[in-house]
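Structure at a glance
Below are the chains, spelled out letter by letter.
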Amino acid sequence: MERKEIIENNKKIAVFMGYTYYPWNKLEVKNKYDAGWKKSIEASPFSKFNKHKGLGEDAYLCRTHAGLKYQSDWGWIMPCYVRCLLVIKEL
């Protein structure tokens, strides 16, 4: 797989997991440090646990598309696997 294809697939996984990418040049982003892949805590299936970790209003994943590591890190891909099982169970 080429790097471009890996990045595109990682972006699809991030969206499936409930994350939204906020580029630094959009109006929703107050400053460049607010940019990146984020999701609302309420969007997480584990939201009741996240609030106790002090993650605040949004959960931050990473800054850039290239920073997504679903293809190389078990810690990133396993929550996706769990989410897939939950989706299949609901069918």
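Let us look at the structure shown here. (Residues numbered from 1 in each chain as written. Predicted model: local features only at pLDDT ≥ 70, side-chain atom pairs only at ≥ 80, totals over all residues. Heavy atoms only, no water.)

Comments concerning the packing of aromatic side chains
For the structure on display, the rule yields two aromatic pairs. Ring geometry for Y21 against W37: centres 5.4 Å apart, planes inclined by 50°, an arrangement best described as tilted. On the criterion of sequence distance, the pair formed by Y21 in strand 1 (residues 20-22) and W37 in strand 2 (residues 36-40) is long-range, its members being 16 residues apart. Residue classification places Y21 among the partly exposed positions, given a relative accessible area of 25%. Owing to a relative accessible area of 3%, W37 belongs among the buried residues under this scheme. (Phe/Tyr/Trp six-rings, centres within 6.5 Å; stacked < 30°, edge-to-face > 60°. Helix = DSSP H or I, 4+ residues; strand = E, 2+ residues; numbered from the N terminus. Buried < 20%, exposed > 50% of the residue type's maximum accessible area, 1.4 Å probe, protein only.)

A word on the nonpolar core
Core analysis: the largest hydrophobic core is formed by ten residues, namely A14, M17, Y19, W37, L61, C62, L68, Y70, W76 and C80. Put simply, the parts of the chain that give this core at least two residues each are strand 3 (58-62) and helix 3 (74-90). Contact partners of L61, with chain neighbours within four places excluded, come to A14, Y19, W37, L68, Y70 and W76. (Core = buried A, V, L, I, M, F, W, Y, C linked by side-chain atoms within 4.5 Å. Contact = heavy atoms within 4.5 Å.)

Thoughts on the side chain of K39
Looking at where K39 falls in the secondary structure, it is placed in strand 2. Residue classification places K39 among the buried positions, given a relative accessible area of 8%. Engagement of the side chain of K39 in a polar contact is seen with the backbone oxygen of M17, the distance being 3.1 Å. (Polar contact = N/O pair within 3.5 Å; in protein donor to acceptor, adjacent residues only side chain to side chain.)

Re the environment of R63
For R63, the position within the fold is in the loop between strand 3 and helix 3. For R63, a relative accessible area of 33% translates into the label partly exposed.

Structural measurements only, silent on function.
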